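# Residue-level structural notes
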Amino acid sequence: MRMRPRRTRVRFLPGATAGASRIAACRVVALVPAHNEADRIGAALTALRAQTRPPERIVVVADNCTDATAGVARQAGAEVVESLNRHPSQEGQEPAPTLCRAS
């Protein structure tokens, strides 16, 4: 027995009208996870902005980076959130993650 493809229903934001205005009603935010990506993050952010529909916001999450990832991303105009972990003490404690927002 062959199964028919299932139809999906697409719902749009309230107040959106037909066509391109439906697309215009959607916000695009790019969330870019990064760990020691200083040599590549600039090119990635440039490529995001060059898309047909560039994001309204670009947020880079610099995950415990030991290089200049956060600085390069800030210089490229992205919002940056840095996650920093304390190094465990010699007594074997688990690191406590913290988030620092630095735009």
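In case you missed it, the structure is sitting above this.
In what follows, the accompanying structure is described. These numbers come from a predicted model, not from an experiment.

## Quick word on the overall build of the protein chain
Per the secondary structure count, the protein chain includes three helices and four strands. What you see in the protein chain, going N to C, is helices and strands ordered as α-β-α-β-α-β-β. Looking at the protein chain residue by residue over its 103 residues, the buried ones come to 19%. A separation threshold of at least 6 residues defines the contact pool for the protein chain, and within that pool the share at least 24 residues apart is 46%. Summed over its atoms, the accessible surface of the protein chain is roughly 8200 Å², and 55% of this surface lies on carbon and sulfur atoms.

## Some remarks on the pairing of strand β1 (residues 29–34)
For a regular strand, side chains alternate in direction, first toward one face of the sheet and then toward the other. In β1, alternate side chains face the same way, and those of Ala 30, Val 32 and Ala 34 are buried while those of Val 29, Leu 31 and Pro 33 on the opposite face are not. Note: β1 against strand β2 (residues 57–63), six bridges, orientation parallel. Bridge assignment links Ala 34 to a residue of β2, and that residue is Ala 62. For the crossover from β1 across helix α2 (residues 41–49) to β2, the handedness is right-handed.

## Thoughts on the environment of Gly 71
Within the secondary structure, Gly 71 is located in helix α3 (residues 69–75). Expressed as a C-alpha distance, the spacing of Gly 71 and Ala 38, which sit 33 residues apart in the sequence, is 8.3 Å.

## Focus: unusual backbone geometry
Its identity as a non-glycine residue notwithstanding, Asn 36 has a phi of 50°, on the positive side. Residue position: Asn 36 is located in the loop between β1 and α2. A positive phi angle is found at Asn 64, which is not glycine, with a value near 55°. Tracing the chain through its elements places Asn 64 in the loop between β2 and α3.

## Points about the side chain of Glu 79
Counting through the fold element by element, Glu 79 comes out in strand β3 (residues 79–85). Side-chain polar atoms of Glu 79 contact the side chain of Arg 57, separated by 2.8 Å.

## Remarks on the nonpolar core
Generally speaking, a soluble globular protein has its nonpolar side chains buried in company with each other. By size, the foremost hydrophobic cluster in this structure holds 14 residues, and its most contacted members are Val 32, Ile 41, Leu 45, Ile 58, Val 60 and Ala 73. With residues up to four places along the chain from it excluded, the contact list for Val 32 reads Ile 41, Leu 45, Leu 48, Ile 58, Val 59, Val 60 and Val 61.

Parameters and conventions
- Residues numbered from 1 in each chain as written.
- Predicted model: local features only at pLDDT ≥ 70, side-chain atom pairs only at ≥ 80, totals over all residues.
- Heavy atoms only, no water.
- Helix = DSSP H or I, 4+ residues; strand = E, 2+ residues; numbered from the N terminus.
- Buried < 20%, exposed > 50% of the residue type's maximum accessible area, 1.4 Å probe, protein only.
- Contact = heavy atoms within 4.5 Å.
- Areas by Shrake-Rupley, 256 points an atom, 1.4 Å probe, with all protein chains shown as cover.
- Pairing = 2+ DSSP bridges.
- Right-handed = clockwise from strand over helix to strand, strands pointing away.
- Polar contact = N/O pair within 3.5 Å; in protein donor to acceptor, adjacent residues only side chain to side chain.
- Core = buried A, V, L, I, M, F, W, Y, C linked by side-chain atoms within 4.5 Å.

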